[in-house]
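So you can see what is in the structure, the chains are spelled out below.
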Amino acid sequence: MSTETQSEHARIDDTIAARREMTWLQSLTRTQPFWIFIAILILGVIMSQVSGVFLSERNIYNIARNFAFFGIMALGMTAVICTAGIDLSVGSLMGLTGIVVGLVMQAGNSLLFGFFAGMGVALLVGLTNGVLIAYFRMAPFVVTLGMLAIARSLAMVISDNRMVHRFGPDQELYLWIGGGSMLGVPNPVWVLIVLTAVFWWAFNYSTWGRWVFAVGGNVQAARLAGIPVERVIVSVYVVNSLCAGLAAFMMVGWFGSVTNALGMAYELNVIAAAVIGGANLMGGVAFALGGPIGALLMELIRNSLLLAGIGALWQQFFVGLFLILAVFLEQIRNRGRT
Amino acid sequence: MPVLHVRGVSKSFGAIQALGHVDLTLDRGEAIGLMGDNGAGKSTLMKIIAGNFPPTEGAILIDDEEVRFTRPVEAREKGIEIVYQDLALCDNLSAAANVFLGREIKKRFGPIRWLDHRSMYRRSGELFAELKSETRPRDLVRQMSGGQRQAVAIARTRLSDPKIVLMDEPTAAISVRQVKEVLDLIHRLKETDHAVILVSHRMPDVFEVCDRVAVLRRGSKVADKPIGDTSPEEVTGLITGAIERA
Ligand SMILES: Nc1ncnc2c1ncn2[C@@H]1O[C@H](COP(=O)(O)OP(=O)(O)OP(=O)(O)O)[C@@H](O)[C@H]1O
Ligand SMILES: [Mg+2]
């Protein structure tokens, strides 16, 4: 064989090999969170030119803390959406959890007790949602819409419509947990960082994560493969509720007070954050980093509008715009693929 | 002693009777071709054996012991593997993830266990190579051709060492070369004392690898003969109803 044909063969082999294995960069550019991250960078560069305040330590600190709560909740929501489900009750659950934590601590109980009481309530709500959806085969939309009303109403009843702003013996500690910072990073952001790492690991390296994706991809196939589909579905609603409960716990500590209106209408922002971050409402596609990145973009839009002197009333307009744009872009990229 | 004994099995879906009093036995090292027109009840019979749903009447015996599966996993634990006609794959997962779905390989450190991606990629790569399939373990099933999907579904049955392998039209979507690999696989299964039921519309496949052929027509078994005692013409007649019974 001549050296020419040899090198020709080598070239063909190389192209075939190159076509087979995508580089990590290529596979990265195929994910939604990557493009949202680029959008965040662009928005950041623009804002740093437009406003001198944008990159100030104070402003960055505020952005980070504000988006952390939504990021925490978007993580749980991402798991729910990955199974082709939805949870509309997270905002109301925040109100209920916040009130329970507040009342328990106001009555003179310890922080730990308040924390577990709040998380216990969240667990119960998640379990109720999950069991109704998985075992009684009810539509997630309807079950959690009902829970949205029930949880908010319960929060109103047990709070007697009064604000709680005294948190008993551990008040100092509680306000620090919600409003303080470590190494210059707000505590809620630490919680978000740790939780994101946990979700990333769970989505990529745990059997639970694998099964969540399988259930979202093809329930029937998952069931035939012996995956306990019902338990997986219950688990995502429980996990999601616990995330919402944790976000409420942190948020009340930051505000230093709680009313039963806590978290009102947050479910829309949380779902938007997860979807902007690449979670597909049809199920089976989700990214652990997607929720936090989506939440960050939304907070950035809010902050930018504020700094640019455009009224905050426009915020929902732009959030909505980005949500539709994100889904639209995903459609286009998918079309190119199949 | 037959490894599988289907005894007087009937199955109704509401008003539709999909199977009526079907008897079938299968020995170790034997492959039986199950043929019949569309809607004859072939898949229904396979799914009953694989534990997807219970029969309305009759019983399934494995090694002379009656079994009542309520879930497919229970059948798998008794040594029954199946390739479903619709393949039952998750489009959003990789080939390797599908092969190992429900029986993932894990690593452990103390109480923590995590997916051993490397082993699963390697093992499924070996299985695809064995089937001479171009399937790549890391590819998403969504992007795969019909033949590659079929290879994934067949590879699933190779994870354990089952007693009985049920294949519901495993060669429906694949190339001549890959058909040969599937038929070779069935030969190997027989040599190693496995029992196989092959559902197929492809006469040559059945006549090449099967020892017996059984024909279902409108839910009833109308023939069950050694391959040597019949011919493609007779089987065709039995399927269409031109020949009543044999
Ligand atoms: N889950 C079900 N519910 C209701 N009817 C069913 C169900 N599964 C099968 N049937 C009916 O049972 C009959 C037999 O179907 P089956 O799938 O077993 O046929 P088949 O022999 O596998 O046909 P094909 O060659 O087209 O795969 C059909 O009339 C079908 O409509
Ligand atoms: Mg069939």
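For the structure itself, consult the block above.
A short tour of the structure in this document, coming up.

Each value, and the rule that gives it
Chains are numbered independently. Their residues run from 1 in the order of the written sequence. Labels follow written order: the first chain is A, the first ligand is 1, and so on. Only residues with pLDDT of at least 70 are given local features in this predicted model, and only at 80 or more are side-chain atom pairs given and counted; all residues enter the totals for whole chains, interfaces and linings. Only heavy atoms go into the side-chain values, all of them from the structure, while hydrogens and water stay out. For helices the rule is a DSSP run of H or I covering at least 4 residues; for strands it is a run of E covering at least 2, with both sets numbered from the N terminus onward. Here the globule rule is a power law, 2.2 Å times the number of residues to the power 0.38, and the radius of gyration is based on C-alpha atoms. Burial status follows relative accessibility: with a 1.4 Å probe on protein chains alone, a residue under 20% of its type maximum counts as buried, one over 50% as exposed, and anything between as partly exposed. Any two residues whose heavy atoms approach within 4.5 Å at even a single point are treated as in contact. The protein chains shown are the only cover counted for residues, whose accessible areas, like all others here, come from Shrake-Rupley with a 1.4 Å probe. A donor here means any N, O or S atom no more than 2.8 Å from the metal (3.2 Å for Na, K and Ca); water is not included, so a site may seem to lack partners. Whether a residue is near a molecule or strand depends on its heavy atoms: it is near if one of them lies within 4 Å of it. Here a polar contact is taken to be a pair of N or O atoms separated by no more than 3.5 Å, where protein atoms must pair a possible hydrogen donor with a possible acceptor and residues adjacent in sequence count only if both atoms sit in side chains. Each residue receives one of three labels: charged for Asp, Glu, Lys and Arg, nonpolar for Ala, Val, Leu, Ile, Met, Phe, Trp, Tyr, Cys and Pro, and polar for the others, Gly being one of them. Buried area: the sum, over both parts, of the accessible surface (1.4 Å probe) that disappears when the two are put together. Salt bridges are counted wherever a side-chain nitrogen of Lys or Arg sits within 4 Å of a carboxyl oxygen of Asp or Glu. The pairing test for Phe, Tyr and Trp rings, Trp by its six-membered ring, is centres within 6.5 Å, and the orientation test on the planes gives stacked under 30 degrees, edge-to-face over 60, and tilted for anything in between.

**Looking at the overall build of chain A**
Phase 1 of the analysis: Within chain A one finds 15 helices and 2 strands.
Phase 2 of the analysis: Here chain A has a C-alpha radius of gyration of 22 Å; the compact-globule value for 338 residues is 20 Å, and the two agree.
Phase 3 of the analysis: A total of 338 residues make up chain A; the buried ones form 50% of that total.
Phase 4 of the analysis: When contacts within chain A are restricted to residue pairs at least 6 apart in sequence, those whose partners lie at least 24 apart make up 77%.
Phase 5 of the analysis: Accessible area for chain A stands at about 16000 Å²; split by element, carbon and sulfur atoms hold 69% of it.

**Considering the coordination of the magnesium ion (ligand 2)**
Phase 1 of the analysis: For the magnesium ion (ligand 2), the full set of protein donor atoms is Ser 43 of chain B (OG) and Gln 85 of chain B (OE1), at a range of 1.9 to 2.1 Å. Here Gln 85 of chain B lies in the loop between strand E6 (80–83) and helix H3 (95–99) and Ser 43 of chain B lies in helix H1 (residues 42–49), a separation of 42 residues in the sequence.

**Comments concerning the site of ligand 1**
All names here are of chain B.
Phase 1 of the analysis: Taken together, 13 residues sit near ligand 1, with Gly 39, Lys 42, Ser 43, Thr 44 and Gln 85 positioned nearest.
Phase 2 of the analysis: In the environment of ligand 1, an oxygen atom lies 2.8 Å from a nitrogen or oxygen atom belonging to the backbone of Gly 39.
Phase 3 of the analysis: One of the side-chain N or O atoms of Ser 43 is found 2.7 Å from an oxygen atom in ligand 1.
Phase 4 of the analysis: Coverage of ligand 1 by the protein amounts to 64% of the 630 Å² it exposes when considered alone.
Phase 5 of the analysis: With 3 residues, H1 is the single largest residue contributor to the shell around ligand 1.
Phase 6 of the analysis: For the shell around ligand 1, the residue count by class is 3 nonpolar, 7 polar and 3 charged.

**A closer look at the interface of chain B and chain A**
Phase 1 of the analysis: Taken together, the contact between chain B and chain A spans 27 residues of the former and 24 residues of the latter.
Phase 2 of the analysis: Summed over both partners, the interface of chain B with chain A comes to about 2000 Å²; 61% of that surface belongs to carbon and sulfur atoms.
Phase 3 of the analysis: Our count for the chain B to chain A interface comes out at 0 salt bridges.
Phase 4 of the analysis: For the pair chain B and chain A, the number of links is 7 residue pairs in polar contact (both at pLDDT 80 or more).
Phase 5 of the analysis: Among the secondary structure elements, those contributing two or more residues to the side of chain B that touches chain A are helix H2 (72–77), strand E8 (112–115) and helix H4 (117–130) of chain B.
Phase 6 of the analysis: In terms of residues, the side of chain B that touches chain A owes the most to one element, E8 of chain B, which gives 4 residues.
Phase 7 of the analysis: The residue inventory of the side of chain B that touches chain A, partitioned by class, reads 13 nonpolar, 5 polar and 9 charged.

**A few points about the packing of aromatic side chains**
Phase 1 of the analysis: Across all of its chains, the model carries 16 aromatic pairs over all chains by this definition.
Phase 2 of the analysis: For the pair Phe 199 of chain A and Phe 203 of chain A, a centre-to-centre distance of 6.0 Å together with 85° between the ring planes defines the contact as edge-to-face. Of this pair, Phe 199 of chain A and Phe 203 of chain A both sit in helix H9 (residues 187–205), separated by 4 residues, roughly a single helical turn. For the residue pair Phe 199 of chain A and Phe 203 of chain A, the accessibility class agrees, reading buried in each case.
Phase 3 of the analysis: Judged by centre distance (5.5 Å) and plane angle (80°), the rings of Phe 13 of chain B and Phe 53 of chain B are edge-to-face. Of this pair, Phe 13 of chain B sits in strand E1 (residues 4–13) while Phe 53 of chain B sits in the loop between H1 and strand E4 (57–62); the two residues are 40 residues apart in sequence, bridging distant segments of the chain.

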